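# Geometric and topological summary
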Amino acid sequence: MNALPIIIGSLCVIAIAYRYYSAFIAAKVLALDDSRPVPSQTMYDGHNYYPTNKWVLFGHHFAAISGAGPLIGPVLAAQFGFLPGLLWLVIGVCLGGAVHDFMILAGSVRRKGKSLAEMARTEISPLSGFVAGIAILFIVVIALAGLGLVVVNALAESAWGTFTVGFTIPLALLMGLYMYRFRKGKIAEASILGVVGLLLAVYLGGRIADSSLAHAFTLSRNTLIIAMAAYGFIASVLPVWMLLCPRDYLSSYLKIGTIAFLIIGVILVHPNLNMPAFTPFTAGGGPVIPGKLYPFVFITIACGAISGFHALISSGTTPKMIAKETDTRIIGYGSMLMEGVVGIVALIAASSLFPGDYFAINTSQRTDAQKAAYVQMVDSHNSADFNLKPQEIDRLELESGEKNLRGRTGGAVTLALGIAKIFDGIPGLSGLMKYWYHFAIMFEALFILTTIDTGTRVARFLVGEFGGRFYKKLEEPNWLPGSVVTSLLVVAAWGSFIWSGSISTIWPMFGIANQLLAAVALCVATTILINSGKAKYSWVTILPLSFVGSTTLVAGWKSITDIFWPLAQKPETSVQGYINVSLTAIIMFAAILILFDSIRRWLGTRRRPQPVGDLVEA
């Protein structure tokens with residue numbers, strides 16, 4: 001199968017969805033009105049509530065929501081073949097993910113920028129608010145750990161990537177001061193400064209990696225965890241305009257620019273998808289994901305189609321910076337569509353590898369037992385239509401400059417090789433495989449790291465809101481002691497999770513938790529619609545809620561019985577197994593409770609006269 005019709009067809013479907021479906025939601029379901037005051041105006045404080053240009057905010061929001069999920073999830077899901085992931089990405093993002101983000105963002109803007117948990121409390125019930133708050137704290141820590149772990153794995157022992165990512169921090173500080181202090185409002189000038197600085201960082205990173213200074217930027221796994229935790233803490237405490245927003249805006253240039261260049265590359269090179277539409281592992285037993293296609297493909301692609309983590313951003317930093325209501329359409333719905341495109345391109349890049357090379361990279365081969373299991377898997381599943389013998393991995397190792405690509409699980413290396421192969425195939429750009437590979441590794445790390453800073457800040461708000469029930473001052477986001485304490489708690493939680501975890505222990509829980517959080521957010525969005533007298537449009541949110549909720553609960557149950565519980569029965573993995581079982585069960589119970597509480601509220605609301613209004617605050 002050639003990639004050209006896939007990328008063109010997907011882009012056309014996504015463009016049509018934005019033009020018509022998002023317009024319908026904006027005009028009929030939400031009735032966006034620019035004359036309505038927004039929190040950035042009514043609650044302006046120059047710190048967290050700050051009216052922001054929609055394109056700058058688009059960059060911040062897109063950078064914040066686009067983490068590991070749309071990059072790594074589709075790569076891992078390629079185990080089932082390219083077609084299941086492709087269909088879920090295109091259909092899911094148009095009818096599910098973009099609707100989810102848009103509805104929560106608009107709802108939070110009309111509720112003074114309140115968090116998802118606070119909206120659950122006011123719209124559904126205090127019980128749902130309390131349970132949602134507890135569940136979200138669990139989920140956000142797991143999510144940040146899952147995202148952060150990919151960054152650590154990508155940057156560990158990589159001087160080029162570490163220098164380039166680190167360089168963007170002082171560069172973002174300079175941009176923030178330039179836009180908001182030195183040359184206030186001169187966004188174009190600051191953008192040029194940022195882009196030039198970013199290109200310089202990429203260039204210098206390559207030079208430093210080949211110099212005597214490389215050892216200074218070649219950091220171990222544990223050192224990177226500490227450095228990333230320190231950055232997350234600083235970004236969470238500083239004013240949003242100073243570091244977080246300009247850095248995410250800056251990162252969005254590299255993100256969107258690279259993805260645009262990759263789309264052009266796919267169109268020019270139009271590689272063949274060597275991975276078949278369906279593989280024999282759709283029935284289960286795969287080396288990457290042991291479960292069956294249903295329901296595991298829908299939690300493996302935890303972002304790109306729909307992501308509950310986005311609800312935390314859409315009810316966290318972004319609604320406090322919206323300048324006018326109509327901006328929520330491009331920022332909420334549009335940013336999620338862009339993430340869907342990222343997922344599609346990542347799937348194409350991974351599927352362009354030969355199956356034998358893909359599985360050689362993504363199957364653990366550290367121990368003799370693992371190597372024997374890999375050989376057995378190749379022998380038992382190899383056929384004329386599904387060749388699991390490595391085809392070009394030796395050449396890829398030589399051209400990428402990597403000593404060993406076998407057993408490099410986690411998806412990051414696979415995606416980097418797929419991207420590098422496409423770029424290397426563009427006329428005039430061949431022969432640079434080593435540079436394309438390391439650029440892709442850096443791109444992935446920078447792509448994901450921007451989610452860490454915003455996620456930590458959002459989690460800090462959540463901890464403050466929850467702690468405010470016991471000490472009122474913690475609810476004030478501008479109270480510095482509270483900001484420091486809550487940020488430290490959040491950073492310590494996800495940092496310790498990364499310190500002791502791995503992709504195999506964190507990613508399955510991340511997928512389940514993320515999708516169940518999306519179901520909780522859709523419960524809140526549906527309740528907002530019904531409470532405001534718009535029950536006739538509730539199908540917009542109930543449709544994705546029904547699918548995501550039921551599918552993820554099935555995935556959670558199968559993960560507990562088939563994956564996590566067997567781990568708990570083995571002495572060497574018992575602690576890991578019991579933690580996975582407990583956290584997954586807690587999150588599932590919380591989601592079910594909120595779902596039933598929401599249905600109770602929906603039925604109760606429909607029995608009494610409906611208020612007149614368009615999603616106004618209750």
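In short, a report on the structure. (Residues numbered from 1 in each chain as written. Predicted model: local features only at pLDDT ≥ 70, side-chain atom pairs only at ≥ 80, totals over all residues. Heavy atoms only, no water.)

Turning our eyes to something else, we now look at the overall build of the protein. For the protein, the helix and strand inventory stands at 23 helices and zero strands. A compact globule built from 618 residues would reach a C-alpha radius of gyration of about 25 Å, and the protein, at 23 Å, matches this within 12%. Principal-axis analysis of the C-alpha atoms places the extent of the protein at approximately 65 × 55 × 50 Å. Across the 618 residues of the protein, 60% fall into the buried class. For the protein, the accessible area works out to roughly 22500 Å², and carbon and sulfur atoms hold 67% of it. With 44 positive and 33 negative side-chain charges, the protein shows a separation of 8 Å between the mean positions of the two kinds. (Helix = DSSP H or I, 4+ residues; strand = E, 2+ residues; numbered from the N terminus. Rg over C-alpha atoms; globule rule 2.2 N^0.38 Å. Buried < 20%, exposed > 50% of the residue type's maximum accessible area, 1.4 Å probe, protein only. Areas by Shrake-Rupley, 256 points an atom, 1.4 Å probe, with all protein chains shown as cover. Lys, Arg positive; Asp, Glu negative; His and termini not counted. Charge placed at Lys NZ, Arg CZ, Asp CG, Glu CD.)

In total, this model carries 22 aromatic pairs according to the counting rule given. With centroids separated by 6.3 Å and ring planes inclined at 15°, the aromatic side chains of Y21 and F24 adopt a geometry described as stacked. One end of the pair, Y21, and the other, F24, are both in helix α1 (residues 3-29), three residues apart, so they sit about a helical turn from each other. Its relative accessible area of 16% is what places Y21 among the buried residues. Overall, the relative accessible area of 25% leaves F24 in the partly exposed class. Here F163 and F217 contribute two aromatic rings whose centre-to-centre distance is 5.2 Å and whose plane-to-plane angle is 90°, an arrangement assigned as edge-to-face. Taken together, the positions of F163 in helix α8 (residues 159-182) and F217 in the loop between α9 (187-209) and α10 (221-237) put the pair 54 residues apart, joining distant regions of the chain. Exposure remark for F163: the relative accessible area of 12% places this residue in the buried category. Take F217: its relative accessible area is 27%, and that puts it in the partly exposed class. (Phe/Tyr/Trp six-rings, centres within 6.5 Å; stacked < 30°, edge-to-face > 60°.)

Quick look at unusual backbone geometry now. Across the junction of Y294 and P295, the peptide omega takes the value 10°, indicating a cis bond. With respect to the helices and strands, the residue P295 is situated in helix α12 (residues 293-300). The backbone phi angle of A31 is positive, close to 50°, even though this residue is not glycine. Counting through the fold element by element, A31 comes out in the loop between α1 and α2 (39-42). On the basis of relative accessibility, which here comes to 18%, the residue A31 falls in the buried class. The residue H270 is not glycine, and still its phi comes out positive at about 30°. Of the residues examined, H270 reaches a relative accessible area of 36% and is grouped as partly exposed.

Throughout the structure, instances matching the rule amount to zero disulfides. Lacking any disulfide linkage, C303 is separated from the closest cysteine sulfur, that of C94, by 16 Å. Take C303: its relative accessible area is 4%, and that puts it in the buried class. (Disulfide = S-S within 2.5 Å.)

I25, L116, Y333 and W494 are the most contacted members of the largest nonpolar core, which has 186 residues in total. Looking at which element gives the most residues to this core, the answer is helix α21 (residues 503-531), with 19 residues. When neighbours within four sequence positions are excluded, I25 is seen to be in contact with L30, A31, V99, F102, M103, Y333 and V540. (Core = buried A, V, L, I, M, F, W, Y, C linked by side-chain atoms within 4.5 Å. Contact = heavy atoms within 4.5 Å.)

Owing to its 3.6 residues per turn, the α-helix brings residues three or four apart onto one side. For α1, which comprises 27 residues, the first-to-last C-alpha distance of 36 Å matches the rise-based estimate of 39 Å (1.5 Å per residue) to within 8%. The sharpest bend along α1 measures roughly 30° and falls at Y18. The backbone nitrogen of L4 lies 2.9 Å from a side-chain oxygen of the residue at the head of α1, namely N2. A31 lies just past α1 and shows a positive phi near 50°. (Expected span 1.5 Å × (residues − 1). Bend = angle between axes of the 7 residues up to and from the residue. Polar contact = N/O pair within 3.5 Å; in protein donor to acceptor, adjacent residues only side chain to side chain.)

For the rest of this paragraph, the subject is the environment of I72. As for its position among the elements, I72 is in helix α4 (residues 69-77). Once the C-alpha coordinates of I72 and L32 are considered, the two residues, 40 residues apart in sequence, prove to be 35 Å apart. Non-local contacts of I72, meaning those with residues more than four positions away in its chain, are made with V150, G410, G411, A412, E444 and W507.

To continue, consider the pattern of salt bridges. Inspection of the entire model under this criterion finds 12 salt bridges. A salt bridge links R110 to E325, with the shortest nitrogen-to-oxygen separation between them at 2.7 Å. Of this pair, R110 sits in the loop between α5 (82-109) and α6 (116-123) while E325 sits in the loop between α13 (309-314) and α14 (327-351), and the two are 215 residues apart along the sequence. Under the relative-accessibility criterion, R110 is labelled buried at 9%. With a relative accessible area of 2%, E325 lands in the buried category. Here the salt bridges share partners, and the residues they tie into one network are E392, R395, E399 and K421. (Salt bridge = Lys/Arg side-chain N within 4 Å of Asp/Glu carboxyl O.)

Moving on, we get to a nonpolar patch on the surface. Taken together, L87, I91, L95 and L543 make up a surface patch of nonpolar side chains, about 360 Å² in accessible area. With three residues, α5 is the single largest residue contributor to the nonpolar patch. Along the polypeptide, I91 turns up in helix α5. A relative accessible area of 49% means that I91 is categorised as partly exposed. (Patch = residues over 30% accessible without salt bridge, like charges linked within 9 Å, V, L, I, M, F, W, Y side chains within 5 Å.)

Closest axis-to-axis distance for the helix α3 (residues 54-65)/α14 pair is 9 Å, and the angle between their directions is 40°. As judged from the angle between their axes, α3 and α14 are oblique. Note that α3 runs across α14; the crossing there is right-handed. On α14, the residues touching K54, W55, L57, F58, H61, F62 and I65 of α3 are D327, I330, I331, G334, S335, M336, M338, E339 and V342. A breakdown of the residues in the contact of α3 with α14 according to their chemical character gives 10 nonpolar, three polar and three charged. (Axes fitted to C-alpha atoms, helices over the stretch in contact; angles between N-to-C directions. Parallel < 35°, antiparallel > 145°, perpendicular 65-115°, else oblique. Left-handed = near helix turned anticlockwise from the far one by under 90°. Nonpolar A, V, L, I, M, F, W, Y, C, P; charged D, E, K, R; others polar.)

A separate point is the side chain of D597. Inspection of the secondary structure assignment puts D597 in helix α23 (residues 574-606). Residues within four places of D597 in sequence aside, it is in contact with I124, S125, L127 and S128.

To continue, consider helix α22 (residues 539-568). Taking 1.5 Å per residue, 30 residues should reach 44 Å; α22 reaches 41 Å between its end C-alpha atoms and fits that length. Of all the bends in α22, the largest measures some 40° and sits at I560.

What follows deals with the environment of R36. Relative to the elements of secondary structure, R36 occurs in the loop between α1 and α2. Here R36 falls in the partly exposed class, since its relative accessible area comes to 23%. Separated by 288 residues in sequence, R36 and K324 place their C-alpha atoms 7.9 Å apart. Here E325 takes part through its side chain, which lies 2.9 Å from a polar atom of the side chain of R36.

Attention now moves to the environment of T168. Secondary-structure assignment places T168 in helix α8. Note on T168: relative accessible area 1%, which makes it buried. Put simply, T168 and G418 are 250 residues apart on the chain and 25 Å apart in space, counted from C-alpha to C-alpha.

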